[in-house]
Amino acid sequence: MNRRSMMVTALASALLTALMLGSAWAQGSSKTLELTPSRGSGVSGTATLTETGGGVEVVLELQGLPKDGVEHMAHIHSDATCADDRAGQGGPVEFPLQSVVAQGSTGTSTSTVDTTFDELFGGEPYYVNVHAEQTDPEAVPPGVACADVVSMSASASASASASASASASAEPLSDTGGISPLTIVLAGAAGLVTAGYLLRRLTA
Ligand SMILES: [Cu+2]
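Here is what the cut-offs are and how they apply
- Residues numbered from 1 in each chain as written.
- Predicted model: local features only at pLDDT ≥ 70, side-chain atom pairs only at ≥ 80, totals over all residues.
- Helix = DSSP H or I, 4+ residues; strand = E, 2+ residues; numbered from the N terminus.
- Buried ≥ 20, exposed ≤ 12 C-beta atoms within 10 Å, placed from the backbone.
- Contact = placed C-beta atoms within 7 Å.
- pLDDT = per-residue confidence, 0-100.
- Pairing = 2+ DSSP bridges.
- Axes fitted to C-alpha atoms, helices over the stretch in contact; angles between N-to-C directions.
- Core = buried A, V, L, I, M, F, W, Y, C linked by C-beta atoms within 7 Å.

**Considerations on the overall build of the protein chain**
Here comes step 1: Helices and strands together make up the secondary structure of the protein chain, namely five helices and eight strands.
Here comes step 2: Mapped from its N terminus to its C terminus, the protein chain presents α and β elements in the order α-β-β-β-β-α-β-β-α-β-β-α-α.
Here comes step 3: Residues classed as buried in the protein chain amount to 24% of the 204 residues present.
Here comes step 4: For the protein chain, the proportion of contacts with a sequence separation of at least 24, taken over those separated by at least 6, is 63%.

As structure tokens, this is what we get:
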């Protein structure tokens, strides 16, 4: 192998490493939103969104459900916020989620939604809404717990302030994202340094 092709190989492998780490980071990316009670329901919990290769996985975990065995519809709605929904001005259902069935006062569901973080966190308003027991088959019951899906930048500062107050909080919400962007930059830099070293050796 000549010098030029060795250098190209080193550069290409550094680039490939950075790309692979970058995509692992994007796919492992996860955000936890806090579901807070609507209309004095006492229902709260979390919605954990994880970007996967085949969509966004949404895991709902609820506490304070009023009645064992009751099924609660859940959706991601668009074009409005939790505040709008609580004021009776909710937006349309964008993505249906698996219903949560109360087991005692807690309940969980896992859904995979055909969307991306870019869409959900792109700036248009979305909110995760868990509904009360359906009593009228013609009507969607009101929400009992809600979480706004806020944009990436707003969410980053929210999670920064959440970790700042983590010592005071029993259960701080966290970003559970896998590999950090810093790791990717460092891996890329290490690759470039290696390529530079090889080049110097070969041209000395
Ligand atoms: Cu809904």
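Past the structure itself, the notes keep going.
**What about the confidence of the model for the protein chain?**
Here comes step 1: Mean pLDDT for the protein chain: 81, with 65% of residues reaching 70 or above.
Here comes step 2: Every residue in residues 160–174 scores below 50 in pLDDT, and together they form eight contacts with partners more than four places removed in sequence or on other chains.

**With respect to the sheet that holds strand S3 (residues 55–63)**
Here comes step 1: Read across the open sheet, the eight strands follow the order S5-S4-S7-S8-S1-S2-S3-S6; overall the sheet is antiparallel. Edge positions in the open sheet fall to strand S5 (93–101) and strand S6 (107–113), since each of these has one partner strand only. Recorded for the sheet is a direction-independent mean angle of 20° between the axes of neighbouring strands.
Here comes step 2: Where strand S2 (residues 44–52) meets S3, nine bridges bridge the pair, whose relative direction is antiparallel. By the bridge assignment for S3, Thr-52 is matched with Gly-55.

**Section: the nonpolar core**
Here comes step 1: With 28 residues, the main nonpolar core has Leu-35, Val-128 and Val-130 as its most contacted residues.
Here comes step 2: For this core, the secondary structure elements donating two or more residues are strand S1 (30–37), S2, S3, strand S4 (71–78), S5, strand S7 (126–133) and strand S8 (143–149).

**Describing unusual backbone geometry**
Here comes step 1: Backbone geometry places Arg-39, a non-glycine residue, at a positive phi of 55°.
Here comes step 2: Despite not being glycine, Asp-79 has its phi angle at roughly 60°, a positive value.
Here comes step 3: With respect to the helices and strands, Asp-79 occurs in the loop between S4 and helix H2 (82–86).

**Some remarks on the environment of Val-58**
Here comes step 1: For Val-58, the location among the structural elements is in strand S3.
Here comes step 2: Judged by the 23 C-beta atoms lying within 10 Å of it, Val-58 is buried.

**Let's talk about the pairing of S2**
Consecutive side chains of a regular strand alternate in pointing toward one face of the sheet and then the other.
Here comes step 1: Direction of pairing for S1 relative to S2: antiparallel, over a ladder of six bridges. The residue of S2 that forms the bridge with Leu-35 is Gly-45.
Here comes step 2: Counting the residues in the hairpin turn of S1 and S2 gives six residues, including Arg-39, whose phi is positive at 55°.

**Observations concerning the environment of Leu-120**
Here comes step 1: For Leu-120, the location among the structural elements is in helix H3 (residues 117–120).
Here comes step 2: Residue classification places Leu-120 among the buried residues on the basis of 24 C-beta atoms within 10 Å.
Here comes step 3: C-alpha separation for the pair Leu-120 and Val-150, spaced 30 residues apart in sequence, amounts to 8.2 Å.
Here comes step 4: Non-local contacts of Leu-120, meaning those with residues more than four positions away in its chain, are made with Leu-49, Val-56, Thr-115, Tyr-126 and Val-149.

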